[in-house]
Amino acid sequence: MASGVVAGRFGAQADLPYERSVLANGLRVVTQAMPGSRSVALGLFVGVGSRREDEAHAGLSHLLEHLVFKGTRRYPDAGGLSEAVEGSGGRVNASTDRELTVYSARVPAEATARALEVVADLVLWPLLRRKDLLGEKPVIVDEIRMYVDSPVDHVFSLFDELLFGGHPLGREIAGTPRSVRRARHETLVAHWERWYRPPNIVLAAAGAIRHEEMLEAASRWFDEETGEPGPTHLPAPLEAPSPAPAGSVRVAFRRLSQGNLCIGMPGVARDHADRWALDLLGAVLGDGMSSRLFLELRERRSLTYDVSTFGAAYADCGTFGVHAGFDPDQAGALVAAILEQLERTVQEQVRPAELDRARAYSRGRLLLRMEETGSVAAWLGTGESLLPRILTVDEVIERLEAVTAEDLLRVARQYVRPDLARLAVLGPFRSRLRFERMLPR
């Protein structure tokens, strides 16, 4: 390792399950060894997503995520880097979200060096050729249309548009066909130059690894003749959204045999103290086949085949709600039944047995998920990128265990009251007034 590269190291000496170091250029490296694992999952987490885009450039982060796969310094031909990873029995992927873009790979342990080389090339040395941008635009337009054609997916986009309006959180992450077609090469390159810089990137890895090996690899990225990328500009403060008024309704007509709806309201930010109680309330209401919504709406009343709660937590806000697919003839009965269950959480405390079930369900899902190298790497990278510090699994479990029935009643009354609901509906419906009348005023 080059001298003076490591600016700080934390982890093992603090009895944490992971180790964390910061290179002199600001790149953060977080790893967790998993004894018994024979594979490695790793990713580069870039602190930018669709929330940093204005309307004219909607979808730019997602477009860039696609374009880097068309060619890099070591792998100039499309498909070359994928072949390099898949040829070792692994896989490489990428994803764009509201506040983060992730480039990841999972490989057998002996292919770790190759996987690191590939993800580093994607993020730090893409070619970003003009001809590749022209060729990729129609592919992304097709991807946008694919999501629009999926009612189960598209209704969530309609709900975000309803709740957040013209704010970036209310736009589709991939943008619109128009914004993608109008994207300029110079703008895309400038986006990469601004955000894809060491202080805005986290390298996270889990599995059959050693922290020192990750540090050495990351250090070499910036010791080569190509030189170290320039400094990161300090990001401007995030623009806070102004949610649509309670009682707002969005109806999108589609000739379908099934309707889909989201009834929801603003939630809390990812580091808000009420997050854990709201998560458990979601488990009580709509997580699993023993949840209230599933038992009442599907098993007892046959109003829906698919019903569940959903939620999202961002830097300064969030969402909470219920999704269901339904027979269009049952729309009124279904909305009334969902509101009835929301009202129940406001009026009465959750029974001890229900709270215990929700805790056990949430704890079990977390523990099972964290046996997978990919989930652990995602936990580390997301926590380091988006939270004040990475929470351990034990810390999260402790916070969930500390939630009381009184806490659930309090957060229900503050965030989940039926009079706070907004409603997005997709299906064979033309009248918004019909649904507006279903919501309390």
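Residues numbered from 1 in each chain as written. Predicted model: local features only at pLDDT ≥ 70, side-chain atom pairs only at ≥ 80, totals over all residues. Heavy atoms only, no water.

## What about the overall build of the protein chain?
And then number 1: Each helix and strand counted, the protein chain has 16 helices and twelve strands in total.
And then number 2: For a compact globule of 441 residues, the expected C-alpha radius of gyration is about 22 Å, and the protein chain comes in at 23 Å, within 12% of that figure.
And then number 3: Counting only C-alpha atoms, the protein chain reaches 65 × 50 × 40 Å along its principal axes.
And then number 4: Scored against the burial criterion, the 441 residues of the protein chain give a buried share of 54%.
And then number 5: Residue pairs at least 24 apart in sequence account for 78% of intrachain contacts in the protein chain once pairs closer than 6 positions are excluded.
And then number 6: Of the accessible surface of the protein chain, which amounts to about 19,500 Å², a share of 50% is contributed by carbon and sulfur atoms.
And then number 7: Between the averaged position of the 54 positive side-chain charges in the protein chain and that of its 59 negative side-chain charges there is a distance of 5 Å. (Helix = DSSP H or I, 4+ residues; strand = E, 2+ residues; numbered from the N terminus. Rg over C-alpha atoms; globule rule 2.2 N^0.38 Å. Buried < 20%, exposed > 50% of the residue type's maximum accessible area, 1.4 Å probe, protein only. Contact = heavy atoms within 4.5 Å. Areas by Shrake-Rupley, 256 points an atom, 1.4 Å probe, with all protein chains shown as cover. Lys, Arg positive; Asp, Glu negative; His and termini not counted. Charge placed at Lys NZ, Arg CZ, Asp CG, Glu CD.)

## Some points on the pattern of salt bridges
And then number 1: For the structure on display, the rule yields 35 salt bridges.
And then number 2: Linking arginine 145 and aspartate 142 is a salt bridge whose minimum nitrogen-to-oxygen distance equals 3.9 Å. Here arginine 145 and its partner aspartate 142 are both found in helix α4 (residues 130-148), three residues apart, which amounts to about one turn of the helix.
And then number 3: The exposure class assigned to arginine 145 is partly exposed, which follows from its relative accessible area of 42%. (Salt bridge = Lys/Arg side-chain N within 4 Å of Asp/Glu carboxyl O.)

## Focus: the pairing of strand β7 (residues 201-207)
And then number 1: Of all the seven residues making up β7, seven are buried; the element is thus mostly covered by neighbouring parts of the structure.
And then number 2: Because side chains alternate across β7, one face comprises the buried residues Ile201, Leu203, Ala205 and Gly207, and the other comprises Val202, Ala204 and Ala206, equally buried.
And then number 3: Across six bridges, strand β3 (residues 28-33) lies against β7 in parallel orientation. Its bridge partner lying in β7, arginine 28 is registered against valine 202.
And then number 4: Relative to β7, strand β4 (residues 39-46) runs antiparallel, the two being bridged by seven bridges. Counted as the bridge partner of glycine 43 is alanine 204 from β7. (Pairing = 2+ DSSP bridges.)

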